[in-house]
Amino acid sequence: MKKIIRGAVVGLVAALTLSACGGGDSGDDNPLSGGGESGTVTVGGANFPESNLLAEMYAQALEAKGVKVTRKFNIGAREVYYDQVVKGGISVIPEYNGALLTTSVDENSKAATTEEINAELKSKLPAEVEILDSAEAENKDSVTVNPQTAAKYDLKSIADLEGVAKDLIIAGPSEFETRQHGLKGLQEVYGLEFKEFKPFDAGAQSTLVKLLVENEVQAADLFTTDPTIPENKLVVLEDPENVFSAQNVTPFVHKESVDDTARAALNAISAKLTTQDLLDMMKRIVIDKDDQEKVAEEWLKKSGLA
C-alpha cells in the first residue's frame, strides 16, 4: 500500500446505528460487562446490523421455547467476542463459518466449501465451543466497485483488477486490511496492491457507500447481502480463486451454556434461513428503517418458529 489512513471514519447514520444497537441491554456502555443470570442463555451480536438482527432472531426463538435470554448486542468484531464465547461470557453468537475459521482458528486454512470449512472447525475449535448447523443463508465479504469504475476498466472479476488496483482507492472495515479474507488474501492470491486503503468503522457503513457512489473511493469491502448494493447499482466482482470462501450463517456456542432445547431452536432457524431472507430483512432494516425486533419476529412467525 502506498498510503494507509489510520483511524476510522466518523459519520454514523441513525438507521444503521439503531439497528445495530436495538435489542441490547440498555444503560450499559460495555456490552461485555456483567453476565446473564444463572440458567440464562446470553445471546451476543457483533458490531454490524445483520449480526444483531440474527442475534435477535436467536433470542426470540429461544424465548419461544421457554429459555431465559440475556442480550449482549453490538459487542464488536470477532477479535473482541471470540474469547468471550470460549470463556462462556457469551453463550451463542451468529457466525459466518468461513470467516470464523480463518480469523480465529486457522488463518492458513484453504478450505473453501461449506462442508470443508465445517469439518475443519469441528476438528480445530477449542473443546469449550462448537458450531451448530449452518444455514443455506450466506453473506460474504466482497470487492464491490461503483458502476463507473466497472465500466471504465471492464471489471467483472477480482482477477480483472490486475494492473488496475494500483490506481484505485479501496475502503472497508479496519480489520479488512490484515485478514486473509481481505487485503492480505487479495495480495497473496491475486497480486493486488491498491493505491490506498481507507478504514471505516462498521457504524459508518453509509458513509462508505456514499463515498463509493460519489467515486471518492472506487472499491469497497461490502457484505453481499447489503441492500445498498442493488439500490445503488454497485457491482460485486466475482471471486474465481475463492479468497472469500463460504460464509454460511452458523450458530457458534459455548457448549456448557446451551442445552438440547436451545440447540434445537437454533438449528431450526438454520434449517429455514435463506440468503434471500437475509436480503429481504436487511432491506427492511437499512432502507425501510423497520425495527429489528419486529423484522425478526415476523420472520420467525412466518417460518413457524415463534
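None of the values given here were measured: they were computed from a predicted structure.

Cut-offs and rules
- Residues numbered from 1 in each chain as written.
- Predicted model: local features only at pLDDT ≥ 70, side-chain atom pairs only at ≥ 80, totals over all residues.
- Heavy atoms only, no water.
- Helix = DSSP H or I, 4+ residues; strand = E, 2+ residues; numbered from the N terminus.
- Buried < 20%, exposed > 50% of the residue type's maximum accessible area, 1.4 Å probe, protein only.
- Contact = heavy atoms within 4.5 Å.
- Areas by Shrake-Rupley, 256 points an atom, 1.4 Å probe, with all protein chains shown as cover.
- Salt bridge = Lys/Arg side-chain N within 4 Å of Asp/Glu carboxyl O.
- Core = buried A, V, L, I, M, F, W, Y, C linked by side-chain atoms within 4.5 Å.
- pLDDT = per-residue confidence, 0-100.
- Axes fitted to C-alpha atoms, helices over the stretch in contact; angles between N-to-C directions.
- Parallel < 35°, antiparallel > 145°, perpendicular 65-115°, else oblique.
- Left-handed = near helix turned anticlockwise from the far one by under 90°.
- Polar contact = N/O pair within 3.5 Å; in protein donor to acceptor, adjacent residues only side chain to side chain.
- Phe/Tyr/Trp six-rings, centres within 6.5 Å; stacked < 30°, edge-to-face > 60°.
- Arc of directions from axis to C-beta.

Asker: An account of the overall build of the protein is needed here, citing residue identities and associated values.
Answerer: Of regular secondary structure, the protein possesses twelve helices and eleven strands. Taking all 306 residues of the protein together, 52% fall into the buried category. A separation threshold of at least 6 residues defines the contact pool for the protein, and within that pool the share at least 24 residues apart is 78%. Carbon and sulfur atoms provide 48% of the accessible area of the protein, an area that totals close to 13,200 Å².

Asker: Describe the pattern of salt bridges, naming the residues involved and giving the relevant values.
Answerer: Pairing of side chains with opposite charge becomes possible as their charged atoms draw close. Enumeration according to the criterion identifies 14 salt bridges in this entry. Asp106 is paired through a salt bridge with Lys124; the nearest N and O atoms lie 2.6 Å apart. Of this pair, Asp106 sits in the loop between helix H4 (97-105) and helix H5 (114-124) while Lys124 sits in helix H5; the two residues are 18 residues apart in sequence, bridging distant segments of the chain. Among the residues examined, Lys124 registers a relative accessible area of 38% and is labelled partly exposed. Across the salt bridge formed by Glu120 and Lys124, the nearest N and O atoms sit 3.0 Å from each other. Taken together, the residues span about one helical turn, with Glu120 and Lys124 both in helix H5 at a distance of four residues.

Asker: Kindly report on the nonpolar core, identifying the contributing residues and their values.
Answerer: Val43, Met57, Leu62, Val249, Phe252 and Leu273 are the most contacted members of the largest nonpolar core, which has 55 residues in total. With eight residues, helix H2 (residues 49-64) is the largest single contributor of residues to this core. Those residues in contact with Leu62 that sit more than four places away from it in its chain are Val41, Val43, Val67, Val69, Ala262, Ala265 and Leu266. Listed in part, the 21 residues of the second largest apolar core include Val145, Phe194, Phe197 and Phe244.

Asker: Describe the confidence of the model for the protein, naming the residues involved and giving the relevant values.
Answerer: Residues at a pLDDT of 70 or more form 87% of the protein, whose mean pLDDT is 88. Below pLDDT 50 for its whole length, residues 1-30 participates in 66 contacts with residues either more than four positions away or in separate chains.

Asker: Residues and numbers for the packing of helix H11 (residues 275-287) against helix H12 (residues 292-302), please.
Answerer: Look at H11 against H12: their axes get within 9 Å of each other, and the N-to-C directions meet at 150°. Considering their axes alone, H11 and H12 lie roughly antiparallel with respect to each other. Relative to H12, the crossing made by H11 is right-handed. Residues Asp277, Met281, Arg284 and Ile285 of H11 form the contact with H12, whose own contacting residues are Gln292, Lys294, Val295, Glu298, Trp299 and Lys302.

Asker: Tell me about the environment of Thr225, and name the residues and values.
Answerer: Within the element layout of this structure, Thr225 appears in the loop between strand S9 (219-221) and helix H9 (228-231). Of the residues examined, Thr225 reaches a relative accessible area of 2% and is grouped as buried. Along the backbone, Thr225 and Lys140 are 85 residues apart, and their C-alpha atoms lie at a distance of 7.8 Å. What Thr225 contacts, discounting residues up to four positions off in sequence, is Glu50, Glu138, Asn139, Thr275, Leu278, Leu279 and Met282. A polar atom in the side chain of Thr225 sits 2.5 Å from the side chain of Glu50.

Asker: So what about the packing of aromatic side chains? Which residues, and what values?
Answerer: Per the stated rule, a full pass over the model turns up five aromatic pairs. Judged by centre distance (6.4 Å) and plane angle (35°), the rings of Phe176 and Phe197 are tilted. One end of the pair, Phe176, is in the loop between strand S7 (169-173) and helix H7 (183-190); the other, Phe197, is in strand S8 (residues 196-200), and 21 residues separate them in sequence. In this pair, the class of Phe176 matches that of Phe197, namely buried. An aromatic cluster is defined as three or more aromatic residues linked by ring pairs; in this entry it consists of Phe48, Tyr96 and Phe223.

Asker: Quick rundown of the environment of Gln292? Include the residues and the values.
Answerer: Relative to the elements of secondary structure, Gln292 occurs in helix H12. With a relative accessible area of 2%, Gln292 lands in the buried category. A C-alpha to C-alpha distance of 9.0 Å links Gln292 and Met57, two positions 235 residues apart in sequence.

Asker: A description of the environment of Val145 should follow, citing residues and the corresponding values.
Answerer: Along the polypeptide, Val145 turns up in strand S6 (residues 143-145). Taking the C-alpha atoms as reference points, Val145 and Asp221, 76 residues apart in sequence, are found 9.0 Å from one another.

Asker: Please provide a residue-by-residue account of helix H3 (residues 78-87), values included.
Answerer: When we look at burial in H3, the residues that qualify are Arg78, Tyr81, Tyr82, Val85 and Val86. Axial view of H3: buried residues confined to an arc of 145°, hence all on one face. For H3, the secondary structure elements touched by its buried residues are strand S4 (92-96), H4, strand S5 (129-131) and strand S11 (249-254). Looking one or two places after H3, you find Gly88, whose phi comes out positive at around 90°.

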